[in-house]
Amino acid sequence: MQKPVNQNASPEAAALLNYLEQTAGRGIITGQHTQTNPMEEITYIREITGKQPKLRGFELLAYSPNINEADAGEACLTEVYENRDTLKTAMKWAKESDGIVTFSFHWFSPLGGRDKSFYAEHTDFDPAKVLVEGTPEREAFYHDMKVIAGYLEEFKEAGIPILWRPFHESDGTWFWWGSKGPEVARDLYLLMYDYYVNECHLDNLLWVWNCRLPEGYPGDAFVDIVSVDIYLPEYAPTDYAKEYEELIRATSTNKVAALAEVGYMPDVDMLAESHIPWAYYMTWSKEFCIGEQYNSKENLRRMYNSAYAVYNES
């Protein structure tokens, strides 16, 4: 049985990891990202299928301490305003259901930046300088981590485990944390792991790594779940078997694996036959869920009507 890498992990976190491990290859946990308080994606899924996803993803972008609203476009401000107070929504849902909570964090750069400064093109923040003692970048990085730790602490006190996925998609350079390569993102992750585990004692977190390059992997001692984000250019039925093999080759064969973000849901009938051991998938929000630009209503019903899918009743 896989044990959490944090030796002091809460009983709830350990139980969740065991549940994910036991599910992988025997079923797949349905998941949906939300980034607004109304969670319109959940309403849509319920209307189409009569059921709800077992896992919900919530976004922390509006909780970034350094948002430059004075130099932000309308799209950025809308995204921030829509995302405010979503942690209250996450807390309420977690207390009232037996669902699984995962957090994504599009972290506005700790210093400088304009508009959506989680994108590297909108900030000159140098993540490599965070790794140097005494730099302003390092000080700002720890300041922001401390602020976010306060929110995560509330979930710890409530006994709610969190699938925590920081520094996601560091196999690309589009976010500031990946802009200097996956090795830098890996080292930022290790700084956060040390601070959150050994100083903040956030023992309710399960640590989800989200990069498919071997040079970026932090090591088995610091990762509970290996994951990948996949946005196919067009729809084709798939169990993401090739992507699974690529992921575990680049990371670890000893960890639970997950489709942390997808544009197109995996094909549940193919999964039921192949038993590729994805523990869960999470479809991205808004148009990736609502409407049929990406996922058809037929495929949505097929997923939630499958004996292989794990979901919550409405």
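Look above for the structure.
Criteria and thresholds
- Residues numbered from 1 in each chain as written.
- Predicted model: local features only at pLDDT ≥ 70, side-chain atom pairs only at ≥ 80, totals over all residues.
- Heavy atoms only, no water.
- Helix = DSSP H or I, 4+ residues; strand = E, 2+ residues; numbered from the N terminus.
- Buried < 20%, exposed > 50% of the residue type's maximum accessible area, 1.4 Å probe, protein only.
- Contact = heavy atoms within 4.5 Å.
- Areas by Shrake-Rupley, 256 points an atom, 1.4 Å probe, with all protein chains shown as cover.
- Lys, Arg positive; Asp, Glu negative; His and termini not counted.
- Charge placed at Lys NZ, Arg CZ, Asp CG, Glu CD.
- Axes fitted to C-alpha atoms, helices over the stretch in contact; angles between N-to-C directions.
- Parallel < 35°, antiparallel > 145°, perpendicular 65-115°, else oblique.
- Left-handed = near helix turned anticlockwise from the far one by under 90°.
- Nonpolar A, V, L, I, M, F, W, Y, C, P; charged D, E, K, R; others polar.
- Phe/Tyr/Trp six-rings, centres within 6.5 Å; stacked < 30°, edge-to-face > 60°.
- Lys NZ or Arg CZ within 6 Å of the ring centre and 35° of its normal.
- Core = buried A, V, L, I, M, F, W, Y, C linked by side-chain atoms within 4.5 Å.
- Polar contact = N/O pair within 3.5 Å; in protein donor to acceptor, adjacent residues only side chain to side chain.

A.B. asks: So what exactly am I meant to see when it comes to the overall build of the protein here?
C.D. replies: When helices and strands are counted, the protein shows 10 helices and 11 strands. Counting only C-alpha atoms, the protein reaches 55 × 45 × 40 Å along its principal axes. Within the span of the protein, comprising 314 residues, buried residues form 60% of the whole. By sequence separation, contacts in the protein at least 24 residues apart represent 73% of the contacts at least 6 residues apart. For the protein, the accessible area works out to roughly 12,700 Å², and carbon and sulfur atoms hold 49% of it. Charge-centre separation for the protein: the mean point of 27 positive side chains lies 3 Å from the mean point of 49 negative side chains.

A.B. asks: I would appreciate a short explanation of the packing of helix 6 (residues 136-157) against helix 7 (residues 182-199) in the present structure.
C.D. replies: Axis angle and axis distance: for two packed helices, these are the angle between their axes and the distance between the axes, and together they describe the pair. As a packed pair, helix 6 and helix 7 sit with axes 11 Å apart at the nearest point and diverge in direction by 50 degrees. When the axes of helix 6 and helix 7 are compared, the pair comes out oblique. Considering the relative orientation of helix 6 and helix 7, their crossing is right-handed. When helix 6 is examined against helix 7, the residues Arg 138, Phe 141, Tyr 142, Met 145, Lys 146, Ile 148, Ala 149 and Leu 152 are found in contact with a partner set consisting of Leu 188, Leu 191, Met 192, Tyr 195 and Tyr 196. Across the contact of helix 6 with helix 7, the residue classes break down as 11 nonpolar, no polar and 2 charged.

A.B. asks: Is there a simple way to explain the packing of aromatic side chains in this structure?
C.D. replies: The description of two aromatic rings rests on the distance between their centres and on the angle between their planes. All chains considered together, the criterion is met by 30 aromatic pairs. Relative to Phe 175, the ring of Tyr 119 has its centre 5.6 Å away and its plane inclined at 15 degrees; by these criteria the two rings are stacked. Here Tyr 119 is found in the loop between strand 5 (100-104) and helix 5 (127-130), whereas its partner Phe 175 is found in the loop between strand 6 (162-164) and helix 7, with 56 residues between them in sequence. For Tyr 119, a relative accessible area of 30% corresponds to the partly exposed category. Residue Phe 175 is classed as buried on the basis of its relative accessible area of 4%. Ring geometry for Phe 141 against Tyr 142: centres 5.9 Å apart, planes inclined by 75 degrees, an arrangement best described as edge-to-face. According to the relative accessible area criterion, Tyr 142 is partly exposed, its value standing at 23%. Above the face of the Tyr 311 ring, Lys 51 is positioned so that its terminal group lies 5.2 Å from the ring centre.

A.B. asks: Help me out: how do you make sense of the packing of helix 4 (residues 86-96) against helix 6 in this one?
C.D. replies: At a closest axis distance of 11 Å, the pairing of helix 4 and helix 6 adopts a crossing angle of 15 degrees. Put simply, helix 4 runs roughly parallel to helix 6. In this structure, helix 4 meets helix 6 at a crossing whose hand is right-handed. For the pair formed by helix 4 and helix 6, the contact residues are Leu 87, Ala 90 and Met 91 on the first element and Tyr 151, Glu 154 and Phe 155 on the second.

A.B. asks: Can you help me understand the nonpolar core in this one?
C.D. replies: Nonpolar side chains in soluble globular proteins tend to be buried together. One finds Phe 103, Trp 107, Phe 141, Trp 164, Tyr 196, Trp 207 and Trp 278 to be the most contacted residues of the largest nonpolar core, which totals 83 residues. Every residue in contact with Phe 103, bar those within four places of it in the chain, is listed here: Phe 58, Leu 60, Leu 87, Ala 90, Leu 152, Phe 155, Ile 162, Leu 163, Trp 164 and Arg 165. Core analysis: the second largest hydrophobic core is formed by 19 residues, Ala 24, Ile 100, Ile 225 and Val 256 among them.

A.B. asks: I would appreciate a short explanation of the environment of Asn 295 in the present structure.
C.D. replies: Residue placement: Asn 295 occurs in the loop between strand 10 (278-283) and helix 10 (297-304). With 20 residues separating them along the chain, Asn 295 and His 275 place their C-alpha atoms 22 Å apart. Discounting residues that sit within four places of it in the chain, Asn 295 has contacts with Gly 263, Tyr 264, Met 265, Thr 283 and Phe 288. There is a polar contact of 2.9 Å between the side chain of Asn 295 and the backbone oxygen of Gly 263. There is a polar contact of 2.9 Å between the side chain of Asn 295 and the backbone oxygen of Phe 288.

Keep in mind that these numbers describe shape and distance, not what the molecule does.
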